[in-house]
Amino acid sequence: ALVYLNGEFLPLAQAKVSVLDRGFLFGDGVYEVIPVYGGHFFRLSLHLQRLEHSLQAIHLENPLSPSQWREVLQRLVARNEGLDQAVYLQVTRGPAARDHAFPQPVEPTVFAMSNPLKPLPTEWRLKGVAAVTREDIRWKYCHIKSVALLANILLRQEAIEAGAQEALLLRDEQLTEGAASNVFIVRGGVLATPPKGPFLLSGITRDLILELAGEGGIPCRERVITAWDLTQADELWLTSSTREIVPVTRLDGIEVGSGKPGPLWGQMDILYQEYKA
Ligand code: PDD
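Residues numbered from 1 in each chain as written. Predicted model: local features only at pLDDT ≥ 70, side-chain atom pairs only at ≥ 80, totals over all residues.

**Student:** I would appreciate a short explanation of the overall build of the chain in the present structure.
**Tutor:** From N to C terminus, the chain includes eight helices and 15 strands. The globule rule puts the C-alpha radius of gyration for 277 residues at 19 Å, and the 19 Å found for the chain is close to it. Looking at the chain as a whole, 38% of its 277 residues qualify as buried. Residue pairs in contact within the chain that sit at least 24 positions apart in sequence constitute 69% of those at least 6 positions apart. (Helix = DSSP H or I, 4+ residues; strand = E, 2+ residues; numbered from the N terminus. Rg over C-alpha atoms; globule rule 2.2 N^0.38 Å. Buried ≥ 20, exposed ≤ 12 C-beta atoms within 10 Å, placed from the backbone. Contact = placed C-beta atoms within 7 Å.)

Right, here's the structure in full:
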């Protein structure tokens with residue numbers, strides 16, 4: 001498979017980045033993950049908009065225009081035509097002598113690749129997954145889709161080692177998001193998710209679910225969700241580009257609601273699958 005690196009399409013094995021790259025030394029970069037279904041990018045302009053916001057937040061100029069991005073990504077995807085794929089792209093502040101201060105001038109490293117998007121395990125859809133709650137130990141700029149994901153991976157790994165699929169993160173007893181997902185809760189037929197802000201990533205999937213709920217007449221709120229609210233949930237869902245909507249049926253070892261994927265999840269999943277098609 002070919003990948004894109006700094007203006008060239010190369011075999012993966014030939015795509016090399018300097019050990020002085022600030023992405024490698026400092027985690028100084030941002031990224032996006034964009035699903036492609038049957039050759040069609042899923043909400044590409046929203047992903048490119050979020051990329052722009054992430055770059056602005058770290059004071060890095062976008063190296064490509066939206067149409068240049070489209071062209072690059074289109075070419076990567078064309079190689080695996082028809083298959084569902086996940087495009088990964090990242091921009092770092094590039095190679096420079098190691099110094100915390102920004103280099104001058106900056107030569108950003110621009111990388112993109114496309115990989116097959118595996119369908120979710122059937123088991124997850126039939127039975128749901130387990131999650132655990134953890135303290136949100138991350139910094140206060142979680143709205144930036146930064147490649148510096150050390151806290152996220154430590155938290156996800158803790159979840160895995162506890163026999164769960166995701167860690168739901170609490171900052172001052174309030175839910176922010178998952179280690180790599182946004183979170184929805186259902187209580188008494190009403191859907192809710194935490195409001196946007198610097199403590200969570202503004203998920204493209206999250207926003208779509210709010211839209212679909214609006215169109216489908218499903219009552220929905222963006223509101224503070226506490227640790228206690230989580231214990232009272234009829235349903236809990238995780239959302240992300242690569243996992244769509246996953247029902248959580250066990251939280252910290254206790255059944256969520258009926259202990260099975262809930263009816264509102266079933267309804268939303270249908271709306272989501274229709275939207276995708
Ligand atoms: N992660 N919150 C965090 C911390 C995430 O890493 C992600 C996605 C989301 C969901 O955002 P979206 O719906 O736009 O994918 C929320 C991607 C998939 C990843 O890091 O692989």
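**Student:** What's the story with the environment of Ile 245 in this structure? I'm lost.
**Tutor:** Assignment of secondary structure puts Ile 245 in strand β14 (residues 244-251). Sequence separation between Ile 245 and Ser 181 is 64 residues; the distance between their C-alpha atoms is 9.6 Å. Each residue touching Ile 245, except ones within four places of it in the same chain, is listed here: Ile 209, Trp 237, Thr 239, Trp 265, Met 268, Asp 269 and Tyr 272.

**Student:** Explanation requested: the site of the ligand in the structure shown.
**Tutor:** As a matter of local geometry, the ligand sits amid 15 residues, with Leu 201, Gly 203, Ile 204, Thr 205 and Ser 241 nearest to it. Put simply, the parts of the chain that give the shell around the ligand at least two residues each are α6 (204-216) and β13 (235-240). With three residues, the single largest contributor to the shell around the ligand is α6. When its residues are assigned to classes, the shell around the ligand shows four nonpolar, nine polar and two charged. (Near = placed C-beta within 6 Å. Nonpolar A, V, L, I, M, F, W, Y, C, P; charged D, E, K, R; others polar.)

**Student:** Can you help me understand the sheet that holds strand β4 (residues 40-41) in this one?
**Tutor:** Whether parallel or antiparallel, the strands of a sheet pair through hydrogen bonds between backbone atoms. Pairing within the open sheet is antiparallel, and its six strands lie in the order β2-β1-β6-β5-β3-β4. The sheet is open, and its two borders are formed by β2 (8-11) and β4, each paired with just one other strand. Here strand β3 (residues 29-37) pairs with β4 via two bridges, running antiparallel. Looking at the pairing, Val 36 lines up with Phe 41 of β4. Of the strands in this sheet, β3, β4 and β5 (85-92) touch helix α2 (residues 44-57), which is tilted by about 175° from β3. (Pairing = 2+ DSSP bridges. Axes fitted to C-alpha atoms, helices over the stretch in contact; angles between N-to-C directions.)

In short, shape yes, function no, at least from these values alone.
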